[in-house]
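Coordinate analysis (summary)
Letter by letter, the chains look like this.
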Amino acid sequence: MLAELAGNIARTIAVIAVESPVVTRSIVAEDGRRVPLIVTTALSEESYHGSASPESLNQRIITPNKGASSEGAPQRFEQLRNTLAPLRSALLNHPIYAQVDSLSRLREFMQMHVFAVWDFMSLVKRLESELTSNFLPWIPPRSCRLARFTNEVILGEETDLGPDGKPISHFELYLQAMDEVGADSTQIRGFIAQLALGAPWQEVLEDLSIAPGVRDFVSETLACAIHGSLVEVAAAFFFGREDVIPEMFQRLLGLWGDAKAEVPHFAYYLERHIELDGGSHGPWAQEMLATLAGRRQSNWHKAATAAQRAITSRIQLWNSVRASLSDPQEKR
């Protein structure tokens, strides 16, 4: 199936997008074949690497005028969803979900996956900085509806209620789950401690003894969160996180017959994301992306490429995690 992704994505992104220079890159499928992907130079060089300021990009996004298409946002969103369907299917059918089937493998998985749990909040915080009002003196947000959604996500992700009914971030909940099963959290805790002291994240990340795919995933996420336009961040947030996390986590949860007894904190973490992302955060994130992109062709072009990059990055992360897991003969 992955062999067909290149043609499908290349053909349809061309329809969604305005004309733009492109370069061809590829990912490695599970059978060893390289699957080419279309990545625009406008996204990889201008937006993610900062030759255009986030302020100017966001101003163009929120004020749709020139370059507007006759197609409305809902039609363009569905077109984009259909374009990404093969890539999304490849992610949701990745072999990793069937292989985290023992405590030893769960420990290894969590030691790598925790970095994706952590970097998620940088996408959320970028949305918060753009869509809510954090200025003094205070002024109303440009869209109360989008501000409310963003604040709801912050509430759920940064200050949710844990199994004991006390406020806790999902990242800290995950660390508790790691401690519960005996997973080594030295790397992620040391990483956070260095950031708290003001160390540059790129340098600290480079010095960690982690799988290359983990490092690449975090770098991609933070590049988008820091340098991407608001539409690019919204696309990565929806298609790379909120849209796929419920199904990914349901697959992981399904491996454990009595998860609440065997791995209670990990099960609670998965169940909360399945509930929140599948119930409210996912639909809200979809509406946010459609609202921000509007009818501008250039916005949907950026959304398409950012979404593709986010899903591809997750596939590459899972490839790296899978390659690092212990021998399948090891038991719980």
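What counts and how
- Residues numbered from 1 in each chain as written.
- Predicted model: local features only at pLDDT ≥ 70, side-chain atom pairs only at ≥ 80, totals over all residues.
- Heavy atoms only, no water.
- Helix = DSSP H or I, 4+ residues; strand = E, 2+ residues; numbered from the N terminus.
- Buried < 20%, exposed > 50% of the residue type's maximum accessible area, 1.4 Å probe, protein only.
- Contact = heavy atoms within 4.5 Å.
- Areas by Shrake-Rupley, 256 points an atom, 1.4 Å probe, with all protein chains shown as cover.
- Salt bridge = Lys/Arg side-chain N within 4 Å of Asp/Glu carboxyl O.
- Lys, Arg positive; Asp, Glu negative; His and termini not counted.
- Phe/Tyr/Trp six-rings, centres within 6.5 Å; stacked < 30°, edge-to-face > 60°.
- Lys NZ or Arg CZ within 6 Å of the ring centre and 35° of its normal.
- Axes fitted to C-alpha atoms, helices over the stretch in contact; angles between N-to-C directions.
- Parallel < 35°, antiparallel > 145°, perpendicular 65-115°, else oblique.
- Left-handed = near helix turned anticlockwise from the far one by under 90°.
- Nonpolar A, V, L, I, M, F, W, Y, C, P; charged D, E, K, R; others polar.
- Polar contact = N/O pair within 3.5 Å; in protein donor to acceptor, adjacent residues only side chain to side chain.

Moving on to the overall build of the protein chain. Along its length, the protein chain carries 15 helices and 4 strands. When the 332 residues of the protein chain are sorted by exposure, 53% land in the buried category. Excluding contacts between residues fewer than 6 apart, the proportion of contacts in the protein chain whose partners are at least 24 apart in sequence is 75%. Carbon and sulfur atoms make up 54% of the accessible area of the protein chain, which totals about 14,500 Å².

So, about the pattern of salt bridges. Two side chains bearing opposite charge may form a pair once their charged atoms approach each other closely. Here the structure, examined in full by the defined rule, presents 14 salt bridges. When the shortest N-O distance is used, the salt bridge between D243 and R81 registers 3.6 Å. Note that D243 is positioned in the loop between α11 (230-242) and α12 (245-253) and R81 in helix α4 (residues 73-92), a separation of 162 residues in sequence. Here E287 makes a salt bridge to R145, at a shortest N to O gap of 2.3 Å. Taken as a pair, E287 in helix α14 (residues 264-293) and R145 in helix α6 (residues 144-158) lie far apart in primary sequence, 142 residues in all. Take E287: its relative accessible area is 28%, and that puts it in the partly exposed class. Judged by its relative accessible area of 59%, R145 is exposed. A single network of salt bridges, built from pairs that share partners, joins R81, R88, D243, E247 and R251.

Another point: the side chain of E242. Note that E242 resides in helix α11. For the buried E242, which has no salt bridge, the nearest side chain bearing the opposite charge is R241, at an N-O separation of 7.2 Å. With residues up to four places along the chain from it excluded, the contact list for E242 reads F120, F237, D277, H281, G282 and A285.

Following the criterion strictly, the structure yields 13 aromatic pairs and no others. Taken together, a centroid distance of 6.2 Å and an interplanar angle of 85° make the contact between Y97 and W318 edge-to-face. Taken together, the positions of Y97 in the loop between α4 and α5 (103-131) and W318 in helix α15 (residues 297-324) put the pair 221 residues apart, joining distant regions of the chain. The exposure classification of Y97 matches that of W318, with both residues buried. Pairing Y174 with F266 gives two aromatic rings, centres 6.3 Å apart and planes at 75°, and the pair type is edge-to-face. Linking Y174 in helix α7 (residues 170-181) with F266 in helix α14, this pair joins segments that are 92 residues apart in sequence. Both residues of the pair, Y174 and F266, belong to the buried class. Through a chain of ring-to-ring contacts, the aromatic side chains of F120, F149, F237 and W284 assemble into a single cluster. Sitting over the ring of W318, R314 keeps its end group 5.1 Å from the ring centre.

On to the packing of α11 against α15, then. The N-to-C vectors of α11 and α15 enclose an angle of 40°; their axes lie 8 Å apart at closest approach. Judged on the interaxial angle alone, α15 and α11 are oblique. Of the two possible hands of crossing, α11 and α15 adopt the one that is right-handed. Residue-level inspection shows V231, E232, A235, A236, F239, G240 and R241 of α11 in contact with α15, the latter providing N299, K302, A303, A306, A307, A310, I311 and R314. Taken together, the residues of the contact of α11 with α15 break down into 9 nonpolar, 2 polar and 4 charged.

Within the secondary structure layout, E232 lies in helix α11. Within the buried set, E232 has no salt-bridge partner at all; the shortest N-O distance to an opposite charge, 5.3 Å, is to K302. Within the local environment of E232, its side chain forms a polar contact with the backbone nitrogen of S229, the two atoms lying 2.7 Å apart.

The next point concerns the packing of α5 against α6. At a closest axis distance of 9 Å, the pairing of α5 and α6 adopts a crossing angle of 150°. When you trace α5 past α6, the crossing you get is left-handed. Residue-level inspection shows F120, M121, V124, K125, L127, E128 and L131 of α5 in contact with α6, the latter providing L146, A147, T150, V153, I154, E157 and E158. The residue inventory of the contact of α5 with α6, partitioned by class, reads 9 nonpolar, 1 polar and 4 charged.

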